[in-house]
Amino acid sequence: MIKKNTLLLLAAVGLLIGMNGCKQEEWIDWKVLNEAWLEQNAKQDGVVVTHSGLQYKVIRQGIATAGPKPDDLKTVVVSYEGRLINSMVFDQNESTALQMSNLISGMQEGLKKMNLTGHYIFYIPYDLGYKEDGSGTEGYSNFIPPYSTLIFDVTLEQCY
């Protein structure tokens, strides 16, 4: 059974799906929705919350003894999909190589927890993501509004 608070939150998120033309200070309602969404998400079965506020869920643990683990100096090959709490996909890639030091802090922290072939979902609060500035250009598909929680569905394929 879905709780009343969850239904209200989902309804509010639905109203924001088409948000356009707002300046940063006008994103405060979006910030509040994202914070409320994370608060509810933290209560879901299997979701782990770290000291920094990163939330993650292990879908598949991966192979603990296979190869090096991600760290700040490594390059990782991942397949991922990134979306917002309103389900809008802003990025997705298959088998793409990324330098760990170039990633947002929430993605770095999450990847360091993974084993090769692991599959996790990261729920990254705005302060571990693109902060109060967001990313991209409003009106384009890769636009990430200020204060956005980022949801990354990630599989770690290689680390070197």
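Okay, so let's go over this structure.

Details of helix H3 (residues 105-112)
Side chains that are three or four residues apart share a direction in an α-helix, a result of its 3.6 residues per turn. Buried within H3 are the following residues: Gly-106, Met-107, Gln-108, Gly-110 and Leu-111. In this structure, the buried side of H3 is in contact with strand S3 (75-83), strand S5 (119-124) and strand S6 (150-159).

Description of the environment of Tyr-120
Considering the arrangement of structural elements, one finds Tyr-120 in strand S5. Considering only alpha carbons, one finds Tyr-120 and Val-58, 62 residues apart in sequence, at a separation of 4.6 Å. Apart from residues lying up to four places away in sequence, Tyr-120 is in contact with Tyr-56, Lys-57, Val-58, Ile-59, Arg-60, Gln-61, Lys-113, Met-114, Phe-152, Asp-153 and Val-154. A polar contact of 3.3 Å, which involves the side chain of Tyr-120, links it to the backbone oxygen of Lys-113.

Some details on the pairing of S5
If a strand is regular, its side chains alternate between the two faces of the sheet. Taken across its six residues, S5 has six buried, putting it largely inside the fold. With burial as the criterion, each face of S5 is covered, one bearing His-119, Ile-121 and Tyr-123 and the other bearing Tyr-120, Phe-122 and Ile-124. By the bridge criterion, five bridges tie strand S2 (residues 55-60) to S5 in an arrangement that is antiparallel. Pairing of Lys-57 across the sheet is with Ile-121, part of S5. Note: S5 against S6, six bridges, orientation antiparallel. By the bridge assignment for S6, Ile-124 is matched with Leu-150.

Basis of the calculations
Residues numbered from 1 in each chain as written. Predicted model: local features only at pLDDT ≥ 70, side-chain atom pairs only at ≥ 80, totals over all residues. Heavy atoms only, no water. Buried < 20%, exposed > 50% of the residue type's maximum accessible area, 1.4 Å probe, protein only. Helix = DSSP H or I, 4+ residues; strand = E, 2+ residues; numbered from the N terminus. Contact = heavy atoms within 4.5 Å. Polar contact = N/O pair within 3.5 Å; in protein donor to acceptor, adjacent residues only side chain to side chain. Pairing = 2+ DSSP bridges.

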